[in-house]
Amino acid sequence: MFTFISNPDNKSPDVKVDRGSDDEKLFGNSVSDNVQWSFIAFAIVAAVVGVIGVLLMHERELPDLKDLPKEFRSNMTLKQCLKTNEFWTMILAFFFTYFVWGYMANDYKVFGLTEIDNDHLLSYAGSTGSAIGIVARIF
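The rules behind each value
Residues numbered from 1 in each chain as written. Predicted model: local features only at pLDDT ≥ 70, side-chain atom pairs only at ≥ 80, totals over all residues. Heavy atoms only, no water. Helix = DSSP H or I, 4+ residues; strand = E, 2+ residues; numbered from the N terminus. Buried < 20%, exposed > 50% of the residue type's maximum accessible area, 1.4 Å probe, protein only. Contact = heavy atoms within 4.5 Å. Areas by Shrake-Rupley, 256 points an atom, 1.4 Å probe, with all protein chains shown as cover.

(A) Representation of the overall build of the protein chain within the structure. Along its length, the protein chain carries 7 helices and 2 strands. Expressed as a percentage of its 139 residues, the buried residues of the protein chain come to 15%. Expressed as a percentage of contacts within the protein chain between residues at least 6 apart in sequence, the contacts between residues at least 24 apart total 53%. Entry remark: accessible area of the protein chain is about 11,300 Å², with carbon and sulfur atoms responsible for 64%.

(B) How the structure looks around the environment of F95. Tracing the chain through its elements places F95 in helix α5 (residues 85–104). A residue is classified by how much of its surface remains accessible, and F95, at 35% relative accessible area, is partly exposed. Separated by 45 residues in sequence, F95 and G50 place their C-alpha atoms 9.3 Å apart.

Treat this as a map of the structure, not an account of what it does.
Dropping the structure here:
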């Protein structure tokens, strides 16, 4: 998603910066100007998925709570839960965790673009690697 928003034309990095013994390749303004939109799109998709998850939650009958200590007994409704500070702290923690993960998952491109000038190829390779990682966790 990041690549196809920030670099839809598959432009290769065209700006070279001298960093001592290594030359660093950077994208020009046409790609750099779109990066902020990829982060906004990622945040919107994460928010929509989160809202769908909350909407799919439903109240269910809990087993007999008499055996639990009093501090663990709760019959909060979803509305009551949304009004607690603990809920919003947890939501913010999840958001920032996934936001950082989304940012860090694209670091492979920084290293890959030093040798490969095909941004879409690197995106396909990263996506394929993620899909294989998901399948591998099942087994």
